[in-house]
Each structure stands twice: as C-alpha cells, then as structure tokens.
Amino acid sequence: MSKILVVDDEPDISELISLHLMREGHECICITNGLEVMPTALAQAPDLIVLDLMLPGQDGMSAFKRLRADTRTRSIPVIMLTAKTQTTDRINGLELGADDYLTKPFSPRELALRITAILRRTKKVTHVSEVKTGDFHLDRKNMKFFHKGQPIDLTTTEFKLLAVLMENTSAVHTRSELLREVWGYSDDVATRTLDTHIKRLREKLGEAGRHVVTVRGTGYQFVMESPSAVAA
C-alpha cells in the first residue's frame, strides 16, 4: 500500500480520485488548501502527491516550489492536476521538476495508471546501488548525484533520466525507450517532455552537460569521451 496525498479544493474531484486509488489498494489523504501542503507532506511522508494548481491559501505552483526547496520533501513524486491547459503552464510545471501533468477533465483510470507507473519507477530506483563512471557518481539509494565530488541538485525526474542514460554509456537510448522508462508512457507519444528535461539536465550539469549527447533522429546517449558537438 502506498500513501497518496491529494490536494484539490473541489470535494467531488478529491472523492473521485480517492475512490479509484483506494480500489488500487492505496491510502489517500485529502486536503484543500495550498498552505496545508508542506506541513502535511512533512507529517505524513506520502509516497506521491497529486497537486492541483488553483488552490486557496497558496497556489499549487508555489506549494510545489516549497516542496522542491526542502531536502525532506524534494524527492516526493508530484503529479500536477489542473484546469490550466496552456502549453506554457505544462512546460513551467515540468521544468520545475513535476513528474507528470494532467489537465481537467481527466480520466481517473489514467491518473491511477500514471501514479502506479511513477511509484514503480521510484521504488526501483530506491533499491538499486551506485553507478560510478569517470568523474560522475550516481547514488541511487540516496537519490544523490556528484560530479568531481561536488553534489548537483537534481529533481526526481532528472535523476531518473540521468540514471537510465548512465546505465550503459555505450548505448543510444531511443525517445520511446526513455519516455517508457522514466515517465511510463507505453507509446512514442508526441510530447516535448523529454526534450525539456534534457535541456534542464544539461543546464544543471554545466560544462559536464556536453556528455549528454543528442543522436539525431534516434534519441540520446551518455558518452564519456569528449563529444565533438551536442545538439540543442
């Protein structure tokens, strides 16, 4: 059983989500105010948070930033659930490190499946060991990443993406493979989620971001040699 924190100020939606998740065997905690997100997350330590963006007290985006800014809550996976449908809202949420983004109206069954996929990936990352390649050290057990001994702060999704790329530095990972392994998508869906996270990951790696190479028409690869060029 996993503990899911549902944050939505519409009782009907919270009840609908809880009903479907409890049928899947999860425990649900429902709150309605953005100001309650941080204290509830600290007190309950949920395995995942379903977060609406339009909330009283404090908007969901601000609450999400507080979660990611605190070392005690930054690794909790978050699915943003909102009526905002503009592309910029999706991009902003994903760039800040949200694990997934659904717009209302939504399918409760799809939400449950996405939650299951994220929980499966999270648990898998938690129980495997470390990866050391050159100056890179990825500690999967503690969800930490180091370059030349210096820690680099990554979101949960960025960490999982880098972990997949570093598993086999000789492999070219296709877009569909990465979308399946990191986000749980079953098909090669039309989404810019992967490209957005690759861009963000390179920015955080700084000079070392050149090791994450674009293989045009295929996907991405993590290379240890000095690559001649990295596509944007």
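Before reading further, recall that the structure is shown in the block above.
Everything numeric in this text was worked out from a predicted model, so none of it was measured. (Residues numbered from 1 in each chain as written. Predicted model: local features only at pLDDT ≥ 70, side-chain atom pairs only at ≥ 80, totals over all residues. Heavy atoms only, no water.)

Novice: Please give an account of unusual backbone geometry that cites residues and values.
Specialist: In most cases, non-glycine residues show a negative phi, while peptide bonds are predominantly trans. The omega torsion across Lys-104 and Pro-105 is 0°, close enough to zero to call that bond cis. You can see Pro-105 is positioned in the loop between strand 5 (100-103) and helix 5 (108-127). Look at Ala-45: it is not a glycine, yet its phi comes out positive at around 50°. Tracing the sequence through the fold places Ala-45 in the loop between helix 2 (37-44) and strand 3 (48-52). Even without being a glycine, Lys-148 presents a positive backbone phi close to 55°. The topology assignment puts Lys-148 in the loop between strand 8 (144-147) and strand 9 (150-151). With relative accessibility at 57%, the residue Lys-148 sits in the exposed group. (Helix = DSSP H or I, 4+ residues; strand = E, 2+ residues; numbered from the N terminus. Buried < 20%, exposed > 50% of the residue type's maximum accessible area, 1.4 Å probe, protein only.)

Novice: Before we move on, could you go through helix 8 (residues 193-205) and cite the residues and values that matter?
Specialist: If you check helix 8, its first and last C-alpha atoms are 18 Å apart, about what 13 residues at 1.5 Å a residue would give, namely 18 Å. Every buried residue of helix 8 is accounted for by Thr-193, Leu-194, Asp-195, Thr-196, His-197, Ile-198, Leu-201, Arg-202 and Leu-205. (Expected span 1.5 Å × (residues − 1).)

Novice: Before we move on, can you summarise the packing of helix 6 (residues 156-167) against helix 7 (residues 175-183) with the specific residues and values?
Specialist: For the pair helix 6 and helix 7, the least separation of the axes is 10 Å and the interaxial angle reads 130°. On the basis of the axis angle, helix 6 is oblique to helix 7. As helix 6 runs across helix 7, the sense of the crossing is right-handed. Each of Thr-157, Lys-160, Leu-161, Val-164 and Leu-165 in helix 6 lies in contact with helix 7, whose residues at this interface are Leu-178, Glu-181, Val-182 and Trp-183. A class-by-class count of the residues in the contact of helix 6 with helix 7 yields six nonpolar, one polar and two charged. (Axes fitted to C-alpha atoms, helices over the stretch in contact; angles between N-to-C directions. Parallel < 35°, antiparallel > 145°, perpendicular 65-115°, else oblique. Left-handed = near helix turned anticlockwise from the far one by under 90°. Contact = heavy atoms within 4.5 Å. Nonpolar A, V, L, I, M, F, W, Y, C, P; charged D, E, K, R; others polar.)

Novice: Kindly report on the pairing of strand 3, identifying the contributing residues and their values.
Specialist: With five of its five residues buried, strand 3 lies for the most part within the structure. Burial along strand 3 is two-sided: the face carrying Leu-48, Val-50 and Asp-52 and the face carrying Ile-49 and Leu-51 are both buried. One ladder, built from four bridges, connects strand 1 (residues 3-7) with strand 3; its direction is parallel. By the bridge assignment, Ile-4 is partnered in strand 3 with Leu-48. Handedness of the β-α-β unit built from strand 3, helix 3 (residues 60-69) and strand 4 (residues 78-82) comes out right-handed. (Pairing = 2+ DSSP bridges. Right-handed = clockwise from strand over helix to strand, strands pointing away.)

Novice: Lay out the packing of aromatic side chains with the relevant residues and their values.
Specialist: Within this structure, the stated rule accounts for two aromatic pairs. Consider the rings of Phe-136 and Phe-145, whose centres lie 6.0 Å apart with planes at 20°: the pair is stacked. Like Phe-136, the residue Phe-145 is buried in the burial classification. A centroid spacing of 5.2 Å and a plane angle of 80° characterise the contact between Phe-136 and Phe-222, whose relative ring orientation is edge-to-face. You can see Phe-136 sitting in strand 7 (residues 136-139) and its partner Phe-222 sitting in strand 12 (residues 219-222), a full 86 residues away along the chain. By way of ring pairs, the aromatic residues Phe-136, Phe-145 and Phe-222 are connected into one cluster. (Phe/Tyr/Trp six-rings, centres within 6.5 Å; stacked < 30°, edge-to-face > 60°.)

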